[in-house]
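Observations on the model geometry
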Amino acid sequence: MLTNDELAKWDRESFFHPSTHLGQFARGEAAQRIVTGGEGVFITDRDGNRLLDGFAGLYCVNVGYGRPEIAQAIADQAKELAYYHAYAGHGSEANITLAKMVMDRAPDHMARVYFGLGGSDANETNIKLVWYYNNILGRPEKKKIISRWRGYHGSGLMTGSLTGLELFHKKFDLPLAQVIHTDAPYYYHRPDLAMSEADFVAHCVARLEDLIATEGADTIAAFIGEPVLGTGGIVPPPEGYWPAIQKVLDRHEILLIADEVVTGFGRLGSMFGSDHYGMKPDLITSAKGLTSAYAPLSASIVGQRMWDVLMQGTDEYGVLGHGWTYSAHPIGAAAGIANLKLIDDLGLVQNAAEVGAHLLAGMREAVGGHAHVGEVRGEGMLCAVELVADRDRRRFFEASETMGAKVVAAMLKRGVIARAMPQGDIIGLAPPLCLSREEADQIVTVTRDAIVEVLGPGS
Ligand code: PLP
């Protein structure tokens, strides 16, 4: 085995890491962690640390680490048939079975599932399908996509444009012209503190209506949104938001894409966030929880009214020109089957609801009264603590103070991984769905101690 020193050097000299400060990393100024293993909700690294992963990797290792059932399914598939493509009607037992399992779990009005590799490419597929749909219906002008500020939908050219976070646009010449953004349903950040939740929903709806009126409904094809804003701050929607938005979209014949890359397959304590919030999407994007990240696989789940038009399109114009070499990869599919079985067998959707509620309640109790905690929020196995300079006046810290990052670093010292969300001082938690109550309590204690270390007792 390589020594730590060799690996550390090669890492700094050879590896272009995603979402990383490249200069600091190359110069050895930014942290490096070489992960060696994982079991349950814990990972281990080469320096001998055992850390409770309160973010399940990138909110994706939903069944937890080290599941032999999934490892075995991947090994068996690799031996039997590591690969065959899925073009022109080809399939394997694994990808056909997974398609059936996904459709059995998806909302009733969904018709088919297309498999890709990750969340970004699944959203890319979904936008192409939306454009194709409107071309087949003879509406070539109806192409713009509405996304929300603070939404996260990936970091490709189109998906990075859909993403509503500055970091993902800056110096990349994004967003592309076909993408327009509307307000985030972020009640804690409401423009006027006197607004009730219902007022704020009405405000979001009015802002959307204004945007549609300005651009023209006949130029807008779809609206994309995560049921719960994820990377933008882990923000559950205000009460009544989705039904109110859905009404506007229906009135203007604007399709709805539910980006369920984080929420799909159980994270909210429901199989899909669309069911959880009564959304009626035309397309669902899914990835992370589909295989719990044991192998790369994504799903674009297509609703019936769209599917009918896609079939009409191929009858008129021939084969649908869309696909990747690795679409529906059998190894990813084998991982997906074993993963969905485990989620059922272990009752993890239920556990996400129950232990997630325990985590949220514990967090509110432990830090909700702290003078620098503005809000503790969450849904299912998602939880966030937002820090503020002045709670009564809702004054935020300066970005340069990096308070969120400091608290997350203090948590890491105490053995718990949380994520400093990229925009704001928000401590994000999205543990594996198999988290136990005791492990949830450990996260709460560590969060409280870290906040006290960085910001004082706060009372
Ligand atoms: N959509 C959402 C809601 C996500 O959270 C992510 C990733 O975090 C993506 C899309 C992009 O997925 P990927 O990183 O697999 O491309």
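Residues numbered from 1 in each chain as written. Predicted model: local features only at pLDDT ≥ 70, side-chain atom pairs only at ≥ 80, totals over all residues. Heavy atoms only, no water.

This brings us to the overall build of the protein. When helices and strands are tallied, the protein shows 16 helices and 15 strands. Taken over the C-alpha trace, the protein has a radius of gyration of 22 Å; the compact-globule value for 459 residues is 23 Å, and the two agree within 12%. Reported as C-alpha extents along the three principal axes, the dimensions of the protein are approximately 65 × 60 × 45 Å. For the protein, buried positions account for 54% of its 459 residues. Separation of charge centres in the protein, based on 41 positive and 56 negative side chains, amounts to 3 Å. (Helix = DSSP H or I, 4+ residues; strand = E, 2+ residues; numbered from the N terminus. Rg over C-alpha atoms; globule rule 2.2 N^0.38 Å. Buried < 20%, exposed > 50% of the residue type's maximum accessible area, 1.4 Å probe, protein only. Lys, Arg positive; Asp, Glu negative; His and termini not counted. Charge placed at Lys NZ, Arg CZ, Asp CG, Glu CD.)

What follows concerns the pairing of strand β11 (residues 373-379). Note that β11 and strand β12 (residues 382-387) share six bridges and pair antiparallel. By the bridge assignment, Arg377 is partnered in β12 with Ala384. Linking β11 back to β12 in an antiparallel pair, the connection comprises two residues, with Gly380 at a positive phi of about 55°. (Pairing = 2+ DSSP bridges.)

The environment of the ligand is made up of Gly118, Gly119, Ser120, Asn123, Tyr152, His153, Gly154, Glu226, Asp259, Val261, Val262 and Lys288. Take Tyr152: an N or O atom from its main chain is 3.4 Å from a nitrogen atom of the ligand. At 2.8 Å, a side-chain N or O of Lys288 approaches an oxygen atom of the ligand. Broken down by element, the residue count for the shell around the ligand peaks at three residues, all from helix α6 (residues 119-136). (Near = heavy atom within 4 Å. Polar contact = N/O pair within 3.5 Å; in protein donor to acceptor, adjacent residues only side chain to side chain.)

Take the pattern of salt bridges next. Counting across every chain of the model gives 16 salt bridges. Between Glu209 and Arg251 there is a salt bridge, and its shortest N-O distance comes to 3.0 Å. Taken together, the residues Glu209 in helix α8 (residues 197-215) and Arg251 in helix α9 (residues 241-251) connect sequence positions 42 residues apart. Judged by relative accessible area, Glu209 falls into the partly exposed class, the value being 22%. Where Arg448 meets Asp449, a salt bridge forms, and the shortest distance between an N and an O atom there is 3.2 Å. Asp449 sits in the partly exposed class, given a relative accessible area of 29%. In this structure, a network of salt bridges that share partners links the residues Glu375, Arg377 and Glu386. (Salt bridge = Lys/Arg side-chain N within 4 Å of Asp/Glu carboxyl O.)

With that out of the way, let us pick up the sheet that holds strand β14 (residues 419-420). The strand order β11-β12-β15-β14 describes an open sheet built from four strands, whose pairing is antiparallel. Here the strands that pair on one side only, and so sit at the sheet edges, are β11 and β14. Running over the sheet, helix α14 (residues 348-367) touches β11, β12 and β15 (426-429) and is turned about 170° from β11. (Contact = heavy atoms within 4.5 Å. Axes fitted to C-alpha atoms, helices over the stretch in contact; angles between N-to-C directions.)

What follows concerns the sheet that holds strand β3 (residues 50-53). A sheet is described by the order of its strands in space; here four strands give the open sequence β1-β2-β3-β13, paired in mixed fashion. Each edge of the open sheet carries a strand with a single partner, namely β1 (35-39) and β13 (416-417). Here β3 pairs with β13 via two bridges, running parallel. Directly across from Leu52, in β13, lies its bridge partner Val416.

So, about the pairing of strand β9 (residues 283-286). By the alternation rule, side chains of β9 split into Leu283 and Thr285 and Ile284 and Ser286, which are all buried. Here strand β8 (residues 255-259) runs beside β9; their pairing, made up of three bridges, is parallel. Considered in β9, the bridge of Ile257 is made with Leu283. Of the strand pairs in this sheet, β9 and strand β10 (residues 298-303) are connected by four bridges, and their pairing is antiparallel. Looking across to β10, one finds that Thr285 is bridged to Ser300.

Quick look at the confidence of the model for the protein now. In the predicted model, the protein carries a mean pLDDT of 97, and 99% of its residues have values of at least 70. The ipTM value of the predicted complex is 0.99, and its pTM value is 0.98. (pLDDT = per-residue confidence, 0-100.)

Under the definition given, this model contains zero disulfides. Looking at Cys383, it has no disulfide partner, and the nearest cysteine sulfur is the one in Cys434, 17 Å off. (Disulfide = S-S within 2.5 Å.)

A word on the nonpolar core. The biggest cluster of nonpolar side chains holds 107 residues, and the ones touching the most others in it are Phe223, Met363 and Leu387. What Leu387 contacts, discounting residues up to four positions off in sequence, is His372, Val373, Phe396, Phe397, Met403, Gly404, Val407, Asp425, Ile427, Ile451 and Leu455. Counting residues in each nonpolar core, the second largest holds 20 residues, with Val130, Ile257, Leu283 and Val302 among its members. (Core = buried A, V, L, I, M, F, W, Y, C linked by side-chain atoms within 4.5 Å.)

Let us look at the packing of aromatic side chains. Summed over all chains, the structure comprises nine aromatic pairs. Ring geometry for Phe55 versus Tyr59: centroids 4.4 Å apart, planes at 40°, classification tilted. Among the residues examined, Phe55 registers a relative accessible area of 1% and is labelled buried. Measuring from ring centre to ring centre gives 5.0 Å for Tyr241 and Trp242, while their planes differ by 75°; the resulting arrangement is edge-to-face. A residue is classified by how much of its surface remains accessible, and Tyr241, at 2% relative accessible area, is buried. Three or more aromatic residues link up through ring pairs in this structure, and these residues are Phe223, Tyr241 and Trp242. The ring of Tyr187 carries the charged tip of Arg190 above its face, separated from the ring centre by 4.1 Å. (Phe/Tyr/Trp six-rings, centres within 6.5 Å; stacked < 30°, edge-to-face > 60°. Lys NZ or Arg CZ within 6 Å of the ring centre and 35° of its normal.)

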